[in-house]
Amino acid sequence: MFTTAFLLLLLSTSTAITTTTTTLDSDISALKAIKSAINPTTIPSYSCLASWNFTSDPCSTPHLTHFLCGLSCSNNRVTQLTFDGAGYAGTLSPLVSKLTQLITIDLSDNKFSGPIPTSLFSLPNLHTLILRSNSFSGTIPPAISNLGSIQTLDISHNSLSGSLPYSLSSLTLTRLDLSFNRLTGPIPKLPKNLVELAIKSNLLSGYLLKPSFNELTQLEVVELSDNSLTGTIPDWFFLQTSIQQVNLANNGFTGIEILKPTDSNLIAVDIGFNKIDGYLSVNFSAYPMLSSLSLRYNKLHGPIPWEYSQKATLKRLFLDGNYLSGLPPKEFFSGKSSVSGSLGDNCLMRCPTSSQLCLKSQKPSSICRRAYGGKVE
Ligand SMILES: *[C@@H]1O[C@H](CO)[C@@H](O)[C@H](O)[C@H]1NC(C)=O
Ligand SMILES: *[C@@H]1O[C@H](CO)[C@@H](O)[C@H](O)[C@H]1NC(C)=O
């Protein structure tokens, strides 16, 4: 008797649970709006969005035939929109902002176009916004600073234009990727919790300025290659203790100041394909963990500091395509050295072609004489 009653009680409570699991109305209407802003001919039958059939409740589980994927819920609210890269084309409905419990949006590898709706930036709980590899256009509005909980923002591989908003600095971001867009203008003050900064392949211009990087004590990765940044890479830049990887290749930098660090985690530096003049500083060799250094295709003159050949951590060294002169340190060719890379296309004397470092031949002496104002060094 007791057990039957208990079972009945159990049954009735479990039915009560399933029947009360209904998605908030405003979330349902937001989901409907999001689906209907997508061109139905771009929703393949096998895709997540094809299973969004509003005769069922989006958050009710189990999902047997409808709402198989593309969203997750918690307590009858939609918390994640994570689309498959099925090639959905259309716009992102501004009504997405009605999904006020969203923590994650990932619409990567689709064909969303038009502007990123500004209403999106009012989502108070959004941690992760990934719109990578779509065709979003327009500017990044200053209202982006309203994303009070954002950690990861990836809008790389889109068609964003205009300059980076100054309000960016107030964000709590740790990871920002805006690579492969058409962003212009200078680098503004950056969010101070940043760990990873990637804005490669854009049209950024201007100098690396201290106020942009002030207070960034956790910054590890800086990926700013393929832009139009200019000026001298300033001495404080490589002294940022947390920095591990720096890629500034393919810009218009004309100089570099590098001091000996007191503490540094720098592992890899690529400053190839710039217009850096002057001597190759010995100070790179004072970075205790430096393992990969490229200064290829710049306008460096003078000798390769002997200290580079003594640096046990250094595994990759690309100095080709400069006007480096004199005898390269013979320790590079001793057989004990584990450095790979290239010293070719310079003005070096007696770079042994038995070493793969010297496989690419040196510049013709006429070019080297001209580079040194007639004096052969
Ligand atoms: C939605 O589901 C209902 C019931 O399973 C079905 O009759 C209807 O055809 C479905 N609609 C679409 C568009 O698949
Ligand atoms: C190397 O760093 C020291 C101080 O850290 C500085 O005084 C010196 O000018 C630097 N030398 C070069 C060649 O950059």
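Residues numbered from 1 in each chain as written. Chains lettered and ligands numbered in written order. Predicted model: local features only at pLDDT ≥ 70, side-chain atom pairs only at ≥ 80, totals over all residues. Heavy atoms only, no water.

Caption draft 1: Looking closely at the overall build of the protein. Of the regular secondary structure elements, the protein holds four helices and 25 strands. Its C-alpha radius of gyration of 28 Å places the protein more than 25% over the 21 Å reference for a compact globule of 377 residues. Structurally, the protein occupies a C-alpha span of about 100 × 50 × 40 Å along its principal axes. In the protein, once contacts between residues fewer than 6 apart in sequence are set aside, the share between residues at least 24 apart is 44%. Here the protein contributes 27 positively and 23 negatively charged side chains, and the mean placements of these two sets differ by 7 Å. (Helix = DSSP H or I, 4+ residues; strand = E, 2+ residues; numbered from the N terminus. Rg over C-alpha atoms; globule rule 2.2 N^0.38 Å. Contact = heavy atoms within 4.5 Å. Lys, Arg positive; Asp, Glu negative; His and termini not counted. Charge placed at Lys NZ, Arg CZ, Asp CG, Glu CD.)

Caption draft 2: Spotlight on the nonpolar core. Core analysis: the largest hydrophobic core is formed by 91 residues, its most contacted members being Leu81 and Phe237. For this core, the elements supplying multiple residues, two or more each, are α2 (25-36), β2 (77-82) and β15 (228-233). It is α2 that provides the largest number of residues to this core, a total of three residues. (Core = buried A, V, L, I, M, F, W, Y, C linked by side-chain atoms within 4.5 Å. Buried < 20%, exposed > 50% of the residue type's maximum accessible area, 1.4 Å probe, protein only.)

Caption draft 3: Up close: the sheet that holds strand β7 (residues 135-138). In space, the eight strands of this open sheet follow the order β3-β5-β7-β9-β11-β13-β15-β17, with parallel pairing throughout. Of all strands in the sheet, those with a lone pairing partner are β3 (89-90) and β17 (252-256), marking the two edges. Pairing analysis gives four bridges linking β15 to β17, with the strands arranged parallel. Bridging from a neighbouring strand, Thr230 pairs with Gly252 of β17. (Pairing = 2+ DSSP bridges.)

Caption draft 4: How the structure looks around the site of ligand 2. Ile258, Leu259, Lys260, Ser281 and Asn283 make up every residue found near ligand 2. Measuring from an oxygen atom of ligand 2, one finds a backbone N or O atom of Ile258 at 3.3 Å. Within the contact set of ligand 2, an oxygen atom lies 2.9 Å away from a backbone nitrogen or oxygen of Lys260. In isolation ligand 2 offers 360 Å² of accessible surface; the protein chains occlude 45% of this area. (Near = heavy atom within 4 Å. Polar contact = N/O pair within 3.5 Å; in protein donor to acceptor, adjacent residues only side chain to side chain. Areas by Shrake-Rupley, 256 points an atom, 1.4 Å probe, with all protein chains shown as cover.)

Caption draft 5: Up close: the pattern of salt bridges. A full pass over the atoms with the stated rule returns eight salt bridges. With a shortest N-O distance of 2.9 Å, Arg132 and Asp154 are connected by a salt bridge. With Arg132 in the loop between β6 (128-130) and β7 and Asp154 in strand β8 (residues 152-154), this pair connects stretches of sequence that are 22 residues apart. Since its relative accessible area comes to 28%, Arg132 is described here as partly exposed. Overlapping salt bridges bring together Arg132, Asp154, Arg175 and Glu196 as one network. (Salt bridge = Lys/Arg side-chain N within 4 Å of Asp/Glu carboxyl O.)

Caption draft 6: Highlighting unusual backbone geometry. Here the amide bond leading from Thr61 into Pro62 is cis, since omega sits at -5°, within 30 degrees of zero. Considering the arrangement of structural elements, one finds Pro62 in the loop between α2 and β1 (71-74). Even without being a glycine, Asn76 presents a positive backbone phi close to 65°. Relative to the helices and strands, Asn76 resides in the loop between β1 and β2. The class of Asn76 is partly exposed, set by a relative accessible area of 26%.

Caption draft 7: Looking closely at the site of ligand 1. By nearness alone, every residue bordering ligand 1 is listed as Asn53, Thr55 and His66. Within the side chain of Thr55, an N or O atom sits 3.3 Å from an oxygen atom of ligand 1. When ligand 1 is considered free in solution it has 360 Å² of accessible area, and contact with the protein chains removes 25% of it.

Caption draft 8: How the structure looks around the sheet that holds strand β23 (residues 323-326). Read from one edge of the open sheet, four strands run β19-β21-β23-β25, paired in parallel fashion. Each end of this open sheet is capped by a strand with a single partner; those strands are β19 (277-279) and β25 (347-348). Note that β23 and β25 share two bridges and pair parallel. Note on β25: the bridge partner recorded for Gly326 is Leu348.

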